[in-house]
Amino acid sequence: MLRSALLGRANLWWSAPRHRAHLAPARRSNVERCLRWANGRTTEEIGSLLTDSPAKIPAAQFTPPSDTSDMGVIRLHDGALELKGRTGW
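To keep things clear, this report deals only with the structure shown in the data block. Computed from a predicted structure; not experimentally measured.

For the rest of this paragraph, the subject is the overall build of the protein. On a plain count of helices and strands, the protein comes out with three helices and five strands. Taking 2.2 N^0.38 as the reference for a compact globule, 89 residues should give roughly 12 Å; the C-alpha atoms of the protein span a radius of gyration of 12 Å, in line with that estimate. Seen along its three principal axes, the alpha-carbon backbone of the protein occupies a region of about 30 × 30 × 20 Å. Sequence separation of at least 24 residues holds for 46% of the intrachain contacts in the protein that already meet a minimum separation of 6. Between the mean site of the 13 positive side-chain charges and the mean site of the 8 negative ones, the protein shows a separation of 7 Å.

If you want it as structure tokens, here you go:
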């Protein structure tokens with residue numbers, strides 16, 4: 001469900017030129033994959049848009065990264081995905 005919801009909202013990060021968005025292996029053992037992108041909105045901005053905006057994924061929860069080396073995590077029911085984009089730090 002989470003991947004389908006994210007695909008439906010892909011324009012949130014794909015709207016930036018040379019975004020280089022792709023799925024990569026996750027760093028956390030309890031998360032399957034990591035969605036990474038290089039340009040456009042920050043991880044925190046995407047997390048906020050996905051959980052607290054008209055484009056939100058109902059029932060999704062976002063945990064922001066704690067520092068520039070960390071990744072955010074978005075969760076929906078039993079699915080989870082790391083988010084690593086441009087940092088706002």
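Past the structure itself, the notes keep going.
Okay, the side chain of Lys84 next. Positionally, Lys84 belongs in strand 5 (residues 79–84). Buried charge Lys84 goes without a salt bridge, the closest partner of opposite sign being Asp67 at 6.9 Å.

The nonpolar side chains of a soluble globular protein tend to be buried, and buried together. Counting 16 residues, the largest nonpolar core has Trp13, Leu50, Ile57, Ile74 and Leu83 as the members making the most contacts within it. Listing elements by their share of this core, those giving two or more residues are helix 1 (2–7), helix 2 (11–14), helix 3 (43–51), strand 4 (72–76) and strand 5. Top element by residues in this core is helix 1. It accounts for three residues. With sequence-adjacent residues up to four places away left out, Ile74 is seen in contact with Leu2, Leu50, Thr51, Ile57, Ala60, Gln61, Phe62, Gly79, Ala80, Leu81 and Leu83.

Let us now look at the pairing of strand 2 (residues 33–36). Walk down a regular strand and you will see the side chains alternate between the two sheet faces. In terms of strand pairing, strand 1 (residues 22–25) meets strand 2 through four bridges, oriented antiparallel. When the bridges of strand 2 are listed, His22 appears paired with Arg36. Where strand 2 meets strand 5, four bridges bridge the pair, whose relative direction is parallel. Bridge pairing in strand 5 places Arg33 opposite Leu81.

The next subject is the sheet that holds strand 4. Taking strand neighbours across the sheet as the criterion, the five strands line up as 1-2-5-4-3 in an open arrangement whose pairing is mixed. Strands at the two margins of the open sheet, each flanked by one partner only, are strand 1 and strand 3 (61–63). Adjacent strand axes in the sheet meet at a mean angle of 30 degrees when their direction is disregarded. Bridging between strand 3 and strand 4 involves three bridges; their strand directions are antiparallel. Bridging from a neighbouring strand, Phe62 pairs with Ile74 of strand 4. Contacting strand 3, strand 4 and strand 5, helix 3 runs over the sheet at an angle of about 165 degrees to strand 3.

Before going further, it helps to examine helix 3. Within helix 3, burial applies to Thr43, Ile46, Gly47 and Leu50. Buried residues along helix 3 cover an arc of 100 degrees about the axis, so they all sit on one side. Elements in contact with the buried residues of helix 3: helix 1, helix 2, strand 3, strand 4 and strand 5.

Scoring rules and cut-offs
- Residues numbered from 1 in each chain as written.
- Predicted model: local features only at pLDDT ≥ 70, side-chain atom pairs only at ≥ 80, totals over all residues.
- Heavy atoms only, no water.
- Helix = DSSP H or I, 4+ residues; strand = E, 2+ residues; numbered from the N terminus.
- Rg over C-alpha atoms; globule rule 2.2 N^0.38 Å.
- Contact = heavy atoms within 4.5 Å.
- Lys, Arg positive; Asp, Glu negative; His and termini not counted.
- Charge placed at Lys NZ, Arg CZ, Asp CG, Glu CD.
- Buried < 20%, exposed > 50% of the residue type's maximum accessible area, 1.4 Å probe, protein only.
- Salt bridge = Lys/Arg side-chain N within 4 Å of Asp/Glu carboxyl O.
- Core = buried A, V, L, I, M, F, W, Y, C linked by side-chain atoms within 4.5 Å.
- Pairing = 2+ DSSP bridges.
- Axes fitted to C-alpha atoms, helices over the stretch in contact; angles between N-to-C directions.
- Arc of directions from axis to C-beta.

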